[in-house]
Amino acid sequence: MGADVAHVRCSTTADGDFHIDGSRLTLGHRRQAFAPGAWTQLDEVHGTRVVTVTEPGEHDFDEADAAVTRRRDVVLSVWVGDCAPVALLGDDGTVGVAHVGWRGAIDGVLQHTVQAMRELGTTSLCAVVGPCIGPCCNEFGADLLRTFRDRFGPHVASTTTWGAPSLDLPAVVVAALAEWHVPVTLLWVCTRCDPRFFSHRRGELGRQVMTVQRMAAA
Ligand SMILES: [Zn+2]
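Presented here is a report on the structure given in the accompanying data block. (Residues numbered from 1 in each chain as written. Predicted model: local features only at pLDDT ≥ 70, side-chain atom pairs only at ≥ 80, totals over all residues. Heavy atoms only, no water.)

Along its length, the chain carries 5 helices and 12 strands. Taking 17 Å as the expected radius of gyration for a compact globule of 218 residues, we find that the chain reaches 17 Å, a close match to that expectation. Taken across its 218 residues, the chain has 50% of its residues classed as buried. Intrachain contacts of the chain at a sequence separation of at least 6 include 64% that bridge at least 24 residues. About 9500 Å² of surface is accessible on the chain, with carbon and sulfur atoms providing 53% of the total. Averaged over its 19 positive side-chain charges, the chain has a centre that lies 3 Å from the centre of its 25 negative ones. (Helix = DSSP H or I, 4+ residues; strand = E, 2+ residues; numbered from the N terminus. Rg over C-alpha atoms; globule rule 2.2 N^0.38 Å. Buried < 20%, exposed > 50% of the residue type's maximum accessible area, 1.4 Å probe, protein only. Contact = heavy atoms within 4.5 Å. Areas by Shrake-Rupley, 256 points an atom, 1.4 Å probe, with all protein chains shown as cover. Lys, Arg positive; Asp, Glu negative; His and termini not counted. Charge placed at Lys NZ, Arg CZ, Asp CG, Glu CD.)

Written out as structure tokens, the structure reads:
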């Protein structure tokens, strides 16, 4: 018997729009074309609720911002258009995914997700951050930026390419997970700069998706 593997996928505009407010029939076809299986796609509200998926399709379209599972036959997903999609991979095969915008980051959605995975038996985990807005483009109010600097360190404050104060969201994710000793791999793609991805800040309504799936190694 081989060890399990975790598949992490990030869609591009070529895979279509994964916004949950469109046609559910179209979305269903799009989901199966991208990652075949029983999906859990969350109705994200920039909160900290984490759902645990114990059967295929459980919590699909439920209001939450993160999902975790020990099951092999399910597809966990979050849909984003500048916010950070974060995959969490446990040493025991447990997987998780979180939608992390600035509000979720400061309110602790990542900590809640790590805790949910630990409750399922994970002792050690790592994370992958998919395409999200970079410090080059994430113009941010000075007052709120101070809150982030105080919470996560001075390096999370940056400057946009046009000289305005900005929040380095990937650095915030790294700092938040470092408190839990979780190493992070960043893809370093800015959704606003890179036309392969949808971007809310660029004025687009489309959204990409990140999926995480535990599978038996072939
Ligand atoms: Zn950018």
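There's plenty left to go through after this.
We now examine the pairing of strand β8 (residues 125-129). A regular strand places its side chains on the two faces of the sheet in alternate fashion. Most of β8 sits out of view: 4 of its 5 residues are buried. Of the strand pairs in this sheet, β8 and strand β11 (residues 184-186) are connected by 3 bridges, and their pairing is parallel. For Val128, the partnering residue across the bridge sits in β11 and is Thr185. (Pairing = 2+ DSSP bridges.)

A few words on the sheet that holds strand β1 (residues 4-10). Taken together, 4 strands build an open sheet; the order of strands is β1-β12-β5-β2 and the sheet is mixed. Taken across any chain shown, the strands that pair with only one partner, and hence form the sheet edges, are β1 and β2 (38-41). In this sheet, adjacent strand axes meet at a mean angle of 20 degrees when their direction is disregarded. Bridge count for β1 against strand β12 (residues 208-216) is 7 bridges, and the pairing is antiparallel. Opposite Ala6, over in β12, you have Arg214 as the bridge partner. Across the sheet, helix α1 (residues 24-34) lies against β1, β2 and β12, angled at about 115 degrees from β2, the strand it touches most. (Axes fitted to C-alpha atoms, helices over the stretch in contact; angles between N-to-C directions.)

It is worth stressing that arrangement in space is one thing and function is another; only the former is reported here.
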